[in-house]
Amino acid sequence: NGFFAKYAIIPEKNAWKNPKGMKPEIATLQESMGNSVYTVTSQEVKDKIIAVFGCGPTGLFAIGAAKALGAKKIIAVAGTKIHIKIAKKMGANIIIDRHEQDPLKVIEDETNEKGADVALEMSGSPEALKQALKCVKPTGSVAVLGLPTKEISIDVSKDIVLKDLTLRGVYGRKIWDT
């Protein structure tokens, strides 16, 4: 009944037949991309400044989705040279190396101290979630796909309530829509 097995049982309506000749390394990206598209589309991104925290596969796909959906500016927070390189290819306008720059300071500078309209937390990092909440302007929104491995302490009053933020958790994807 589970995965990491030779065979698995799923409802027929969830089965997807890939085209013949599709390489397995491409086919396996569909789930991750669907999660990214669902996260991006859970917020309004057209003509908005988007901050993406975490540039692993889901974050990189989110950059491409936000670009395709008309984001005005995409600011990516990455942690490796390869992710920085790919984030640029995916359409990020500003790329922050979190090891060399303070993401909050760069986002503040890039938004004329207003903050991002939308933040997408794609990494599961406690620090990234805290930064995502802090970088968003009042009445902005934060969507969280990353799965932290431990509890996170956040200042709900200061970083959510008094900023009138919308905070959205995203789990999985809408299988046929994303």
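Residues numbered from 1 in each chain as written. Predicted model: local features only at pLDDT ≥ 70, side-chain atom pairs only at ≥ 80, totals over all residues. Heavy atoms only, no water.

Participant: Could you clarify how one ought to interpret the pairing of strand 4 (residues 116–121) in this entry?
Facilitator: Here is the key point about a regular strand: its side chains alternate between the two faces of the sheet. A large share of strand 4 lies buried, amounting to six of its six residues. The sheet contact formed by strand 1 (residues 49–53) and strand 4 spans four bridges and is parallel. The residue of strand 4 that forms the bridge with I50 is V118. Here five bridges tie strand 4 to strand 5 (residues 136–144), and the two strands are oriented parallel to one another. In the sheet register, V118 faces strand 5, and the bridge partner there is S141. (Buried < 20%, exposed > 50% of the residue type's maximum accessible area, 1.4 Å probe, protein only. Helix = DSSP H or I, 4+ residues; strand = E, 2+ residues; numbered from the N terminus. Pairing = 2+ DSSP bridges.)

Participant: Explanation requested: the environment of D47 in the structure shown.
Facilitator: As for its placement among the helices and strands, D47 is situated in the loop between helix 2 (29–41) and strand 1. The spatial distance from the C-alpha of D47 to the C-alpha of I75 is 13 Å, given a sequence separation of 28 residues. Residues within four places of D47 in sequence aside, it is in contact with G70, A71 and K72. (Contact = heavy atoms within 4.5 Å.)

Participant: Would you mind going over the side chain of T39 with me for this structure?
Facilitator: Assignment of secondary structure puts T39 in helix 2. We classify T39 as buried; its relative accessible area is 0%. For T39, the residues in contact, after removing those within four places along its chain, are L120, M122, A143, L145 and V170.

Participant: When you look at the pattern of salt bridges in this model, what are you seeing that I'm missing?
Facilitator: Any two side chains of opposite charge can pair, on the condition that their charged atoms come close. Taken as a whole and judged by the stated rule, the model has six salt bridges. Here D117 ties to K137 by a salt bridge, and the two come within 2.7 Å at their closest N and O atoms. Of the two residues, D117 sits in strand 4 while K137 sits in strand 5, which places them 20 residues apart along the sequence. What makes K137 partly exposed here is its relative accessible area of 28%. For D159, the salt bridge goes to K134, with nearest N and O atoms at 3.0 Å. (Salt bridge = Lys/Arg side-chain N within 4 Å of Asp/Glu carboxyl O.)

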